[in-house]
Amino acid sequence: MHQQKKKEKSIFQSIFKAMLIVLIIELFLLVATLYFGNVGKQLNKNAVDILKKQVENRQNYLETTMVENQNLSSISGILNNAVESRIASGLDIEKLDSDEKACASLMEETSDSLINVLRHRSVNGIFVIFNTHDLDERETDSVLQGIYIRDLDPMTAASERNHDLLLERSPVQLVKSLGISTDKGWTPGIKFKNNKTEGILYPVF
């Protein structure tokens, strides 16, 4: 009986030792493969390539979005048509940027189109400035007529009554007719800054 237990124990130890040897050999082969096969470097390279591809895709997406958001040909056509109809009715185009009443009337007529573009572009602001003179000859801090609408959270659902919008710049007449609240920094006109670092309107190259 004692010899049988000893024999069974010897068989178990032999099998166990053989399994350990096989396991050690497999581990050795795995480590050798990883080391000599440059698997670590290849994994790092793959990770870098994946990151580069993600950055390129994000870049392409942002570029496409920016180009689409800057395409304001539709609103330009609406504004041009509105101005041309006013000119046909006797509007003096040379005095447009200083005629607050005429500008307010134009902005009121095209405000729905501006807000529609703002909504569909999912941007946080849109503005129109009326200028009919050479900017290089315009005095610094001179007031220009225009409208500037802000949407501080363009990703949320739009309010039917435009309660989520703010007027940054617009004539007083327009504030009353549109029913949009004014921001704390609201002013009726837009000051021209004759440099490249301040203001939202400045001479281009």
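Residues numbered from 1 in each chain as written. Predicted model: local features only at pLDDT ≥ 70, side-chain atom pairs only at ≥ 80, totals over all residues. Heavy atoms only, no water.

**Quick word on the pairing of strand 3 (residues 166–169)**
Next up, step 1: In this structure, strand 2 (residues 143–150) lies alongside strand 3, joined through 3 bridges in antiparallel fashion. The partner of I149 across the bridge, within strand 3, is L167.
Next up, step 2: Note: strand 3 against strand 4 (residues 182–187), 2 bridges, orientation parallel. The residue bridging L167 from the neighbouring strand is T182, located in strand 4.
Next up, step 3: The β-α-β motif built from strand 3, the intervening helix 5 (residues 172–178) and the parallel element strand 4 has right-handed crossover chirality. (Pairing = 2+ DSSP bridges. Helix = DSSP H or I, 4+ residues; strand = E, 2+ residues; numbered from the N terminus. Right-handed = clockwise from strand over helix to strand, strands pointing away.)

**Focus on the nonpolar core**
Next up, step 1: L96, F130, I147 and I149 are the most contacted members of the largest nonpolar core, which has 24 residues in total.
Next up, step 2: Secondary-structure elements contributing two or more residues to this core are helix 3 (73–88), helix 4 (100–121), strand 1 (125–130), strand 2 and helix 5.
Next up, step 3: It is helix 4 that contributes the most residues to this core, 8 residues altogether.
Next up, step 4: With near-sequence residues (within four places) excluded, F130 lies in contact with L96, D97, C103, L106, M107, L144, Q145 and G146.
Next up, step 5: One finds I129, L135, L144 and F192 within the second-largest nonpolar core, a separate group that totals 5 residues. (Core = buried A, V, L, I, M, F, W, Y, C linked by side-chain atoms within 4.5 Å. Buried < 20%, exposed > 50% of the residue type's maximum accessible area, 1.4 Å probe, protein only. Contact = heavy atoms within 4.5 Å.)

**So, the pattern of salt bridges**
Next up, step 1: Summed over all chains, the structure comprises 5 salt bridges.
Next up, step 2: Of the charged contacts in the structure, one is a salt bridge between R86 and E109, with a shortest N-O distance of 2.6 Å. Taken together, the residues span a long stretch of sequence, with R86 in helix 3 and E109 in helix 4 at a distance of 23 residues.
Next up, step 3: You can call E109 partly exposed: its relative accessible area is 44%.
Next up, step 4: Here the salt bridges do not stand alone but share partners, grouping R119, D151 and D164 into one network. (Salt bridge = Lys/Arg side-chain N within 4 Å of Asp/Glu carboxyl O.)

**So, helix 3**
Next up, step 1: The end-to-end C-alpha distance of helix 3 is 22 Å, a good match for the 22 Å that 16 residues give at a rise of 1.5 Å each.
Next up, step 2: Buried residues of helix 3: I75, L79, A82 and V83, and no others. Down the axis of helix 3, the smallest arc covering the buried residues is 95°, so these residues share one side. With respect to the buried face of helix 3, the exposed residues turned more than 90 degrees away are N81, E84 and A88.
Next up, step 3: Residues of helix 3 that are buried make contact with helix 4 and strand 1.
Next up, step 4: Looking one or two residues beyond helix 3, the residue adopting positive phi is G90, at roughly 110°. (Expected span 1.5 Å × (residues − 1). Arc of directions from axis to C-beta.)

**Looking at the pairing of strand 2**
Next up, step 1: Strand 2 sits mainly inside the fold: 6 of its 8 residues count as buried.
Next up, step 2: For strand 1 and strand 2, the ladder comprises 6 bridges, and the chain directions are antiparallel. The residue of strand 2 that forms the bridge with F127 is Y148.
Next up, step 3: Examined bridge by bridge, strand 2 and strand 5 (residues 190–191) share 2 bridges and lie antiparallel to one another. Among the inter-strand pairings, L144 is bridged to a residue of strand 5, identified as I190.

**Topic: the packing of aromatic side chains**
Next up, step 1: One pass over the structure, following the stated rule, counts 1 aromatic pair.
Next up, step 2: Measuring from centroid to centroid gives 5.7 Å for F127 and Y148, while their planes differ by 75°, and the two rings are edge-to-face. Of the two residues, F127 sits in strand 1 while Y148 sits in strand 2, which places them 21 residues apart along the sequence.
Next up, step 3: By relative accessible area, F127 is classed as partly exposed at 39%. (Phe/Tyr/Trp six-rings, centres within 6.5 Å; stacked < 30°, edge-to-face > 60°.)

**What about unusual backbone geometry?**
Next up, step 1: Phi at N162 takes a positive value of approximately 60°, unusual for a residue other than glycine.
Next up, step 2: Within the secondary structure layout, N162 lies in the loop between strand 2 and strand 3.

**Regarding the environment of L114**
Next up, step 1: Within the secondary structure layout, L114 lies in helix 4.
Next up, step 2: Remark: the alpha-carbon pair of L114 and I147, spanning 33 residues in sequence, is separated by 9.7 Å.
Next up, step 3: With residues up to four places along the chain from it excluded, the contact list for L114 reads I75, I126, V128 and I147.

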